[in-house]
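Summary of structural features
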Amino acid sequence: MTTGKTWFITGASRGLGRAFAEAALQAGDRVVAAARHIEPLRDLVAAYSDRAASLALDISDRRAVFAGVEQAISTFGGLDVVVNNAGGLLYGMVEEATEEQIRAHLDVNFFGAVWVTQAVVPQLRKQEGHGRILNVTSMGTAGGMAAVGYYGAGKSALAALTEALAMEVEPFGIKVTNLEMGGYDTGLFTTGTTATEPRPEYDALREELARLWGDETGPAPSSAAPVILRLAELPDPPRRLVVGSTSYDQVGELYAARAEGYRQWESLSRLAPG
């Protein structure tokens, strides 16, 4: 009888979700791999037929999420590690995005994780003393960036919610971590992207951003998976974790620059008594 953990991973058909699912299965655990399209998961389920199950799920649909979580629980009898990974990128300037694009983006990147969390917490609480929720955000939660502002907004909202959730459920033995992921080669800027209709006023800025970002795709998602498996074993995991050596340095620089900016304007801040 298999005694490993049971993982529930959203956005598991590609990128980080797929990498985490593969690593957990290779470690002997069980995985319910959820994705909007499950065809890419056929090979994984076939290779681990006794410990892997795919689940077609649109996480923007709250009712479907609750039903999907119930199905996942019944598949292997419970859940141990829940990874809110599903997401996409809305690429474009703040002015350019339509209401439909903004709402659709946040329905997945923020509300989808909320619905999964609301669905799994009662089950994890019943398990009396164990259960992990790992919310995949971004190193970008340290600050906004032109052209990916809505992506950063959704991830920053999820990061704040994650810290609140951690405080709320820790008395039940549930541990929650915000995974501030670095720039891995997940396909986010290709298959995972929705683009706005570009306005010519921002052409120069787009060209500058393209120069700054370059063509580097980043490391393979599989290189991050060992960190996640180790994190899931920690008895007292951090509430925030930057995943990536280069990203760790960049996040440190961003927070240092922010602190310096506060210091420069301290005298103006202190004019108000609040």
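Going by the structure above, here's the rest.
Everything numeric in this text was worked out from a predicted model, so none of it was measured.

This part is about the nonpolar core. Inside soluble globular proteins, nonpolar side chains tend to come together where they are buried. Counting 30 residues, the largest nonpolar core has Phe8, Val65, Val69, Leu79, Val120 and Ile133 as its most contacted members. Residue assignment for this core shows that the elements contributing at least two residues are strand 2 (30-35), helix 3 (62-76), helix 4 (99-126) and helix 5 (149-169). With ten residues, the top contributor of residues to this core is helix 4. In contact with Val69, not counting residues within four places along its chain, are Phe8, Leu79, Ala119 and Val120. If you look at the next biggest cluster of nonpolar residues, it comprises 29 residues, including Leu16, Phe20, Ala35 and Val243.

On the surface, Met145, Leu212 and Trp213 cluster together to form a nonpolar patch covering roughly 300 Å² of accessible area. For Met145, a relative accessible area of 44% corresponds to the partly exposed category.

Before going further, it helps to examine helix 4. Counted at 1.5 Å a residue, the expected span for helix 4 with its 28 residues is 40 Å, and the 39 Å between its end C-alpha atoms agrees. At Phe111, helix 4 shows its maximal bend, which comes to roughly 45 degrees. A positive phi of about 55 degrees marks Glu128, the residue just after helix 4.

Now for the packing of aromatic side chains. Tallied over the full model, the rule gives three aromatic pairs. Ring geometry for Phe110 and Phe111: centres 5.0 Å apart, planes at 70 degrees, overall edge-to-face. Taking the centre distance of 5.7 Å and the plane angle of 25 degrees together, the rings of Phe111 and Trp115 count as stacked. Note that Phe111 and Trp115 are positioned in helix 4 at a spacing of four residues, about one turn of the helix.

Quick notes on the rules
Residues numbered from 1 in each chain as written. Predicted model: local features only at pLDDT ≥ 70, side-chain atom pairs only at ≥ 80, totals over all residues. Heavy atoms only, no water. Core = buried A, V, L, I, M, F, W, Y, C linked by side-chain atoms within 4.5 Å. Buried < 20%, exposed > 50% of the residue type's maximum accessible area, 1.4 Å probe, protein only. Helix = DSSP H or I, 4+ residues; strand = E, 2+ residues; numbered from the N terminus. Contact = heavy atoms within 4.5 Å. Patch = residues over 30% accessible without salt bridge, like charges linked within 9 Å, V, L, I, M, F, W, Y side chains within 5 Å. Areas by Shrake-Rupley, 256 points an atom, 1.4 Å probe, with all protein chains shown as cover. Salt bridge = Lys/Arg side-chain N within 4 Å of Asp/Glu carboxyl O. Expected span 1.5 Å × (residues − 1). Bend = angle between axes of the 7 residues up to and from the residue. Phe/Tyr/Trp six-rings, centres within 6.5 Å; stacked < 30°, edge-to-face > 60°.

Interpretation in functional terms is not warranted from these geometric data alone.
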